[in-house]
Amino acid sequence: MIYLVTGGAGFIGANFVKYLLGTHREIQIVVLDSLTYAGNLGTIKEDLKDARLTFVKGDIKDSKVVDGIFDRHPINFVVNFAAESHVDRSIENPQVFLETNILGTQNLLDAAKKHWSTGKDDHGYPTYKAGVKYLQVSTDEVYGSLGATGYFTETTPLDPRSPYSASKTGADLIVKAYGETYKMPVNITRCSNNYGPYHFPEKLIPLIIKNILEGKKLPVYGDGSNVRDWLYVEDHCKAIDAVVLRGTVGEVYNVGGHNEKKNIDIVKLIISTMRQMLEEHPEYRTAIKGIAGQARNDISYINEDLITYVTDRLGHDQRYAIDPSKITAELGWEPETKFEDGIVKTIRWYLENQDWVDEVTSGDYQKYYKQMYGKR
Ligand SMILES: NC(=O)c1ccc[n+]([C@@H]2O[C@H](COP(=O)([O-])OP(=O)(O)OC[C@H]3O[C@@H](n4cnc5c(N)ncnc54)[C@H](O)[C@@H]3O)[C@@H](O)[C@H]2O)c1
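Report on the accompanying structure. (Residues numbered from 1 in each chain as written. Predicted model: local features only at pLDDT ≥ 70, side-chain atom pairs only at ≥ 80, totals over all residues. Heavy atoms only, no water.)

By nearness alone, 28 residues border the ligand, and I12, D33, S85, Y164 and K168 come closest of all. Interatomic distance of 2.6 Å between a side-chain N/O atom of S85 and an oxygen atom of the ligand. For the ligand, whose unbound accessible area comes to 830 Å², protein coverage reaches 96%. For the shell around the ligand, the elements supplying multiple residues, two or more each, are α1 (11-23), β7 (133-139), α5 (163-181) and β9 (193-195). Examining the composition of the shell around the ligand, we find that 3 residues originate from one element, β7, more than from any other. For the shell around the ligand, the residue count by class is 12 nonpolar, 13 polar and 3 charged. (Near = heavy atom within 4 Å. Polar contact = N/O pair within 3.5 Å; in protein donor to acceptor, adjacent residues only side chain to side chain. Areas by Shrake-Rupley, 256 points an atom, 1.4 Å probe, with all protein chains shown as cover. Helix = DSSP H or I, 4+ residues; strand = E, 2+ residues; numbered from the N terminus. Nonpolar A, V, L, I, M, F, W, Y, C, P; charged D, E, K, R; others polar.)

As structure tokens, then:
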């Protein structure tokens, strides 16, 4: 089987590539990634040594690049992770979100349709090669925001609130339209907030870990009461794999962690867990960046005084919570990683991989970081 994994140098895409290489022997993967600030070859540098992986630097909006990949490789599955993914950035500059997330998706669909279609059936609909599928990796944010109760199911009306979620909704609708109009074999997965290794440190969990190690304040939006449903990234990769291989064509599958947490509780948990890990394993203290006027071994500064409440995100959705019972019932998938274990694994990974953090946070990201958080 030959997979085209777009955005495979980003957080979830790279974890998916590693998952596929680790679990499927007979596989070829083509990664297409334009390497924005969020995509880094360093994330997949070990995987690039594997003969089963081919990397193409290019834009999903570029039809020549995408067509070229389909010409050279008989792709079976497209798994589209490539996207602009940060809500704050979409509030600053919506256009690139619409271009990449909607038009990029349409370009991938066009290429797949062209290369997979084999003719027409009696009703004039295109027919397709056997064993092909396009999977769109979407988000629970397309459903909007929940109050204190209730869950998003696959039939919850789409009600996006941010430019990011609106662009992901547009992409979902164009995928659905290709499924209906051209009878293309498609699936959409909508997952909750992921966490785990290789998460770019502008998102909540890796940002908090990074700031603690740098002795910086820990910015929490509003009063910290916003709730997200956290899913360990490897569990998400398993869900996508199941949908690619066994999902019913045309269906949407929600993927969630059964793990709702308030932002403020996440931040407090990271503080206490990190402090405990650094107490029990002094060798990890080398990850501390060195705080002016303080001995490197002194970790007493790691406490809740670091928390600072900052002006809330515009239009900040209050609560997301996924009902994943459809994927559990149909495909037998369930989240396996308890949050308490996943967060320890994640923090340990960051303590052991500060080189990666330094590498990905040099350059453009620094400018952005100053602009967004420096003034607070
Ligand atoms: N991270 C989450 O918690 C989460 C939750 C739900 C859904 N999702 C969705 O999952 C997907 C992956 O998310 P992520 O967190 O890994 O994102 P990410 O920002 O870490 O990675 C995105 C990747 O896409 C690449 N990319 C961006 N624009 C591109 C373009 N025009 N052409 C080619 N490559 C391009 C980037 O270089 C990067 O490698 C996204 O579609 C996102 O909407 C993420």
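Read on, since the account is not over.
Looking now at the nonpolar core. In globular proteins that are soluble, nonpolar side chains generally tend to be buried together. I205, I212, I270 and L351 are the most contacted members of the largest nonpolar core, which has 39 residues in total. Secondary-structure elements contributing two or more residues to this core are α6 (204-213), β10 (218-221), β11 (227-232), α8 (263-280), α10 (339-352) and α11 (354-360). When residues in this core are grouped by element, the largest group, 8 residues, is from α8. (Core = buried A, V, L, I, M, F, W, Y, C linked by side-chain atoms within 4.5 Å. Buried < 20%, exposed > 50% of the residue type's maximum accessible area, 1.4 Å probe, protein only.)

So, about the packing of helix α2 (residues 63-72) against helix α4 (residues 94-116). In the contact formed by α2 and α4, the axes pass within 10 Å of each other and the chain directions differ by 35°. The handedness of the crossing between α2 and α4 is right-handed. In this structure, α2 contributes S63, V66, D67, F70 and D71 to the contact, and α4 contributes N107, L108, A111, A112, K114, H115 and W116. Here the residues of the contact of α2 with α4 are counted per class, giving 6 nonpolar, 3 polar and 3 charged. (Axes fitted to C-alpha atoms, helices over the stretch in contact; angles between N-to-C directions. Left-handed = near helix turned anticlockwise from the far one by under 90°. Contact = heavy atoms within 4.5 Å.)

Right, let's talk about the pattern of salt bridges for a bit. Tallied over the full model, the rule gives 16 salt bridges. Ionic pairing is found between K210 and E214, a salt bridge with its closest N-O pair at 3.2 Å. Accessibility expressed as a relative area gives 8% for K210, which makes it buried. Through salt bridges with shared partners, a single network forms among K210, E214 and K216. (Salt bridge = Lys/Arg side-chain N within 4 Å of Asp/Glu carboxyl O.)

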